[in-house]
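# Reading the structure
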Amino acid sequence: MGIKTLAILSRKGGVGKTMLGVNLAVAAQAAGHSTLLVDLDPQASAAKWGDQRSNGSPVVVATPPSRLEEALKKGASAGATLAIIDTAPSMEVDLVDVARASELVLIPCKPANVDLKAIVSTINVVRMADVPARIVFNDVPPRGNRGDQAREAVEPLEVPVVPFDIGHRVAFVDAFNGGQTVQEYEPRGKASGEISELYAYLSNEMGV
């Protein structure tokens, strides 16, 4: 089985790329994958999170975008079956190359006007790369209809939207700060259930 690649991409910062990346990487490990988490962000937040983990799982590699292909080759040679790429809101040319290296691109977006307007730029990158993408609404308030409003707003963009939202949960921050994921920190919590559902959805879409 060759390595499959999921890129988490947005040209806007603060939408939860790293948070989703680390949680999905551990969910994939629990599902039986040997997971490689590639951190392309110069801030190296995912790599620092990985430094806190005593079991060394999943493997986290911090590398510049220019070394992505080599990182994926080494991961595949070491037996990794799934790579998740955490990106920075960097230069468009870098993001196009990252997208082209992926089977699927996940575009996190918060249900706020500034984020909804910014998502067009990310979708343009995906279209340049000519790869499939899915939008996921992240950090959605538990009350109100922000998620439904956001879905209506992106409908004209003709990019499929994950059929459920990731809520605004304190557990995400608390778990991340301790080098954990929500499934480890609060296995029966709502955040854990949402990550399980998101991983199941994405694995089905990618055929992994």
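To keep things clear, this report deals only with the structure shown in the data block. (Residues numbered from 1 in each chain as written. Predicted model: local features only at pLDDT ≥ 70, side-chain atom pairs only at ≥ 80, totals over all residues. Heavy atoms only, no water.)

### Thoughts on empty space enclosed by the protein
Think of a ball as big as a water molecule: rolled over the atoms, this probe shows where empty space is left. To keep it simple, the criterion reads: Computed over the protein atoms alone on a 1 Å grid, cavities are sets of points where a 1.4 Å probe fits but cannot get out and pockets are open sets with protein on both sides within 12 Å along at least five of seven lines; a residue lines them when it has an atom within 4 Å of a point. Grid points are joined across faces, edges and corners, and a volume is the space filled by probe spheres set on the points. Numbering of helices and strands starts at the N terminus; helices are DSSP runs of H or I of at least 4 residues and strands are runs of E of at least 2.
The tally for this structure, following the rule as stated, stands at 2 cavities of 30 Å³ or more. If you add up the space inside the largest cavity, you get close to 60 Å³. Every residue along the wall of the largest cavity is listed here: Leu-6, Leu-24, Ala-28, Leu-82, Ile-84, Tyr-199, Leu-202, Ser-203, Met-206 and Val-208. When residues of the lining of the largest cavity are traced back to their parent elements, those giving at least two are helix 1 (17-30), strand 4 (82-86) and helix 9 (190-206). For the lining of the largest cavity, the element with the most residues is helix 9, which contributes 4 residues.

### Re the sheet that holds strand 3 (residues 59-62)
To keep it simple, the criterion reads: For two strands to count as paired, DSSP must find a minimum of two bridges between them. Lines fitted to the C-alpha atoms define the axes, with helices restricted to the stretch that makes contact. Angles between their N-to-C directions range from 0 to 180 degrees. Throughout, a residue-residue contact means that at least one pair of heavy atoms, one from each residue, lies within 4.5 Å.
What the 6 strands build is an open sheet, ordered 3-2-4-1-5-6; its pairing is parallel. Either end of the sheet is taken by a strand with one partner, and the two such strands are strand 3 and strand 6 (133-137). Strand after strand, the sheet turns through a mean of 20° between neighbouring axes, direction not considered. With 5 bridges connecting them, strand 1 (residues 4-8) and strand 4 associate as parallel partners. By the bridge assignment for strand 4, Ala-7 is matched with Ile-85. Lying on the sheet, helix 5 (residues 113-129) is in contact with strand 5 (104-109) and strand 6; it crosses strand 5 at an angle near 170°.

### What about helix 3 (residues 68-77)?
Formally: In this scheme, a residue with accessible area under 20% of its type's maximum is buried, one over 50% is exposed, and one in between is partly exposed, where area comes from a 1.4 Å probe on protein chains only. It is the directions from the helix axis to the C-beta atoms that the arc portrays.
For helix 3, the set of buried residues is Leu-68, Ala-71, Leu-72 and Gly-75. Down the axis of helix 3, the buried set is contained in an arc of 95°. They therefore lie on one face. When the buried face of helix 3 is taken as reference, the exposed residues oriented beyond 90 degrees from it are Glu-69, Lys-74 and Ser-77. One or two steps after helix 3, the chain reaches Gly-79, where phi turns positive at roughly 100°.

### Side note on the packing of aromatic side chains
Filter applied, for reference: Whether two aromatic rings pair depends on their centres lying within 6.5 Å, for rings of Phe, Tyr and Trp, where Trp uses its six-membered ring; planes under 30 degrees apart make the pair stacked, over 60 edge-to-face, and the rest tilted.
As enumerated under the stated definition, the model contains 1 aromatic pair in all. When the centroid spacing of 6.1 Å and the interplanar angle of 85° are considered together, the rings of Phe-164 and Tyr-201 count as edge-to-face. One end of the pair, Phe-164, is in the loop between helix 6 (146-154) and helix 7 (170-177); the other, Tyr-201, is in helix 9, with 37 residues separating them in the sequence. With a relative accessible area of 17%, Tyr-201 lands in the buried category.

### Looking at the environment of Ala-28
Its place among the elements puts Ala-28 in helix 1. A sequence separation of 50 residues divides Ala-28 from Ala-78, and the C-alpha atoms of the two residues are 17 Å apart. Ignoring any residue separated from it by four or fewer positions in sequence, one finds Ala-28 in contact with His-33, Thr-35, Leu-82 and Tyr-199.

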